[in-house]
Structures are given as structure tokens and as C-alpha cells.
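Understanding the architecture of this molecule
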Amino acid sequence: MDIEKIIARIPSMTPAERQEMRHNSERRLKDPKLAGQAQAVLDALERQAAAEAAALAERVAGLPMARRVAEAFTAKPMTEKERDLVQVLLDHPGSTSKELSRALGWEAQSWHLHFGTMCQQRQGRLWPAARAEKRDANFYSGILAELSPDNRFTLRPEVAEGFAALGLKPADKA
């Protein structure tokens with residue numbers, strides 16, 4: 001099969017098929033005879049990913065924040081741990097990361113790390129993370145939560161509304 005036919009199939013491939021294609025192409029980069037074709041496939045995969053990300057961003061841009069939250073967590077359902085991350089914040093608004101971690105039976109500020117990762121994985125369906133004020137990185141937890149000057153987290157009201165649509169509410173209101 002020639003390279004153009006392979007590249008033409010990319011839009012109809014599943015994520016698993018694309019990942020396998022990426023893996024195979026990365027392996028073929030090491031072979032001087034195949035490196036050019038392998039790079040062409042990798043470039044096509046990147047173009048497709050960028051086009052799909054742009055189309056998704058455009059599609060969700062006009063949705064209200066609560067609807068974006070519901071969509072993001074429907075498209076990529078929460079794990080049990082992620083559900084716990086959200087629930088503990090719903091149940092303990094205005095808590096520090098250390099307090100939220102402790103409420104989950106975890107050490108240090110583990111809550112913040114896991115919550116930020118959960119947000120980062122869905123930011124394409126939500127909205128971009130702002131830059132962190134105290135370090136040179138994005139503040140992914142800030143996508144869904146507000147952080148007070150004294151480092152206390154609270155879900156944004158519209159975000160809480162989106163989670164309520166998915167059945168997640170503070171324990172005292174469930």
C-alpha cells in the first residue's frame with residue numbers, strides 16, 4: 001500500500017489504530033529507507049490531531065460552562081478516583097489541597113496533583129488553563145476550581161452546576 005493511501009485512512013481510524021500507526025512509524029524512523037515515509041505519516045497524524053482539536057474547540061466554544069463540564073465528563077467519564085476528587089471538593093469547599101487530601105486519606109497535597117491532571121486531560125472540551133502565578137506552568141486545577149489568596153479551593157459555581165447535571169452534588173444536598 002502506498003503512503004498516500006495510508007495517510008488518507010487516518011481520519012477514519014480509531015484512536016487505538018492511530019496510536020499503533022504512530023508507534024510503527026516511530027520505529028520506522030530508524031530505517032533510512034523508510035524514514036521519509038514514516039515522517040510523512042507522523043506529520044499527517046499531527047495535522048489530523050490539530051484539526052480535530054480545533055474543530056472540538058470551535059464546537060464547544062459557544063456552550064455554557066456547565067454544559068461544557070457535563071460534555072467533558074460524559075465524553076471521558078470519570079474514574080472512581082476522579083469522582084472522589086470532585087466529591088471531596090463539593091463536600092469541603094474552601095479547603096486547602098492538604099485538607100482535601102487528608103479528607104481522602106491521602107498524604108501531602110496529592111489532591112491538587114490528581115485534580116489538576118483530571119482537568120488537564122479534559123481541557124480541550126473545557127477551556128485553557130491560566131498560567132500559574134507562582135511558577136512557570138499552567139494552573140490546571142484552576143480550570144474547574146477557584147483558588148483564594150490563602151490557597152483554598154472551591155468549585156466554580158457553573159462547574160458545580162455541570163457536575164450536578166451528572167449527579168454529583170454536595171453530600172448535604174444529595
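The rules behind these values
- Residues numbered from 1 in each chain as written.
- Predicted model: local features only at pLDDT ≥ 70, side-chain atom pairs only at ≥ 80, totals over all residues.
- Heavy atoms only, no water.
- Helix = DSSP H or I, 4+ residues; strand = E, 2+ residues; numbered from the N terminus.
- Rg over C-alpha atoms; globule rule 2.2 N^0.38 Å.
- Buried < 20%, exposed > 50% of the residue type's maximum accessible area, 1.4 Å probe, protein only.
- Contact = heavy atoms within 4.5 Å.
- Phe/Tyr/Trp six-rings, centres within 6.5 Å; stacked < 30°, edge-to-face > 60°.
- Expected span 1.5 Å × (residues − 1).
- Arc of directions from axis to C-beta.
- Salt bridge = Lys/Arg side-chain N within 4 Å of Asp/Glu carboxyl O.

1. Focus: the overall build of the chain
Regarding its fold elements, the chain presents eight helices and four strands. Listed by position from the N terminus, the elements making up the chain come as α-α-α-α-α-α-α-β-β-β-β-α. A globule of 174 residues ought to have a C-alpha radius of gyration of about 16 Å, yet the chain, at 20 Å, is considerably larger. When the backbone C-alpha atoms are referred to their principal axes, the chain occupies close to 60 × 30 × 30 Å. Among the 174 residues that make up the chain, the fraction classed as buried is 36%. The long-range fraction of contacts in the chain, counting pairs at least 24 apart against all pairs at least 6 apart in sequence, stands at 55%.

2. Structural notes on the packing of aromatic side chains
Under the counting rule described, the total for this entry stands at four aromatic pairs. Between Trp111 and Phe153, the ring centres sit 4.9 Å apart and the planes meet at 65°, which makes this aromatic pair edge-to-face. Taken together, the residues Trp111 in helix α7 (residues 110-122) and Phe153 in strand β4 (residues 153-155) connect sequence positions 42 residues apart. Relative accessible area serves as the criterion here: at 0%, Trp111 is assigned to the buried category. Cluster of aromatic residues (ring-pair linked, three or more members): Trp111, Phe115, Phe139 and Phe153.

3. A closer look at α7
The end-to-end C-alpha distance of α7 is 19 Å, a good match for the 18 Å that 13 residues give at a rise of 1.5 Å each. Residues of α7 that are buried include every one of Trp111, Phe115, Gly116, Met118, Cys119 and Arg122, and no others. Taken end-on, α7 shows its buried residues confined to a sector of 160°, consistent with a single buried face. Packed against the buried residues of α7 are α4 (65-75), α5 (80-91), α6 (97-103), β3 (145-147) and β4.

4. A look at the pattern of salt bridges
Under the counting rule described, the total for this entry stands at six salt bridges. Among the ionic pairs, Glu71 bridges to Arg125, the shortest N-O distance being 3.0 Å. In this pair, Glu71 is assigned in helix α4 and Arg125 in the loop between α7 and β1 (130-131), connecting sequence segments 54 residues apart. Look at Glu71 and you get buried, because its relative accessible area is 12%. Each member of the salt-bridge network shares a partner with another, and the members are Glu99, Asp150 and Arg152.

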